[in-house]
Each structure stands twice: as structure tokens, then as C-alpha cells.
Amino acid sequence: GGGGASGSSTVRRAAGEEERPPTLLGKLRERSEGWGCSRFRHSVYPAGGACTEHTDYGVVTLQQSNAPGLEAELNGRWRHLEPPEGCVLVLAGDMLERLTNGRVKALKHRVCLEGEAASRAGEEDVVRQCNIFFLQPDKATLVQPLRQYLRGDNTDLSPVKYGDWHHLKTRLAFQRS
């Protein structure tokens, strides 16, 4: 759960030991989490455009779009996600998966504008636009499973400093093969 018995994110260490970064729960309790890595993005997709399959790095992602094309892998199959007009989709991210010790899985998703979406474009260059908000902790925040999700059988997900996770995922996403 938090950073100690009192819930404080400040952990005292013996001389010579490294101080542990503050946990997300501890920072939320202290109201000190700045969500410094959070981002807002406006994405524009041309006819036939795509975004390869991935999970989002942070806690949750909010997405609103003007056209179909977003797909999610659910129960081993790719399915279209089409919310009612004017509604926002909430996608679970990697850090929500870690907070819940894998109970809530990060949603693997992609954008495919083939077939119906691309054919509706006609002469238009842009067929899909979306506003996306990524809720992401500060780089130094330690994200670990919450106490109520711990199994205690050596299968619990290990804590990760968000900045390290973001760096790893970004490096893997943009790695040239």
C-alpha cells in the first residue's frame, strides 16, 4: 500500500541506505502527486492511417474521437470500441495494472482505419481525430500493488519508479529492428 505504517510516503533509512522514492498511494494521501508526466494529445489520422497495438504507460487514458477506428483486444479477439456520441472512453493503463497487481489488465488497443472508415473518407485527407488525455504520475513516483491486491505468494508485481517504466516503454516502442 502506502509508504509505511502511517501511510506517509517518506521512508526513513539507516545510514548508508538509499531513500526509497515516495509511493503513489503515499503521495495521494499527502496530496503531493503532481501528475507531472500527464499529457494531452490531439491525434489526426489520414485515410488508411493506423497506430500499432500497445498498452498505455500511465494509470488511465481518456479518449474522445470523431470517428470509429479504435480497437481493443478483449478475450483474445480484436473488437471495435464505439462509445455513444459525445462520450469518452476510459482505458486502463500499465500503472493501473500494477496498482491492482494484475487484477485490472492494461487494455491492449490499436487504431485501424481500413475498410469502412477509410472508404467513408472519400476525398478527405483526414478521417479520424481524437483528443487523448494520459493520466501519468511524476517520474520519481514509485508505483506498486495496493495492499488489498497483494497475494503474498511471490507472484506480486514488483514496484517500479514511473520514470524508469516510461523510459523503458518508450525505448521499446521506438526501437529500430
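Just so it is clear, the structure is predicted and the values come from calculations on it, not from any experiment.

**A short note on the packing of aromatic side chains**
So, step 1. Under the definition given, this model contains zero aromatic pairs.
So, step 2. Its guanidinium or amino end placed over the ring of Trp165, Arg98 lies 5.1 Å from that ring's centre, counting from NZ or CZ.
So, step 3. The side chain of Arg110 reaches across the aromatic face of Trp78, ending 4.0 Å from its centre.

**Describing the pattern of salt bridges**
So, step 1. Taken as a whole and judged by the stated rule, the model has six salt bridges.
So, step 2. Asp138 is paired through a salt bridge with Lys27; the nearest N and O atoms lie 2.8 Å apart. Here Asp138 is found in the loop between β8 (126–135) and β9 (142–143), whereas its partner Lys27 is found in helix α1 (residues 24–30), with 111 residues between them in sequence.
So, step 3. The class of Asp138 is buried, set by a relative accessible area of 17%.
So, step 4. The exposure class of Lys27 is buried, given its relative accessible area of 8%.
So, step 5. Across the pair Lys108 and Glu73 runs a salt bridge, and its minimum N-O distance is 3.4 Å. Pair noted here: Lys108 is in the loop between α2 (94–99) and β7 (109–112) and Glu73 is in strand β4 (residues 70–74), with a separation of 35 residues, a long-range link.
So, step 6. For Glu73, a relative accessible area of 31% translates into the label partly exposed.
So, step 7. Here the residues in one salt-bridge network are Lys27, Glu33 and Asp138, joined through shared partners.

Each value, and the rule that gives it
Residues numbered from 1 in each chain as written. Predicted model: local features only at pLDDT ≥ 70, side-chain atom pairs only at ≥ 80, totals over all residues. Heavy atoms only, no water. Phe/Tyr/Trp six-rings, centres within 6.5 Å; stacked < 30°, edge-to-face > 60°. Lys NZ or Arg CZ within 6 Å of the ring centre and 35° of its normal. Salt bridge = Lys/Arg side-chain N within 4 Å of Asp/Glu carboxyl O. Helix = DSSP H or I, 4+ residues; strand = E, 2+ residues; numbered from the N terminus. Buried < 20%, exposed > 50% of the residue type's maximum accessible area, 1.4 Å probe, protein only.

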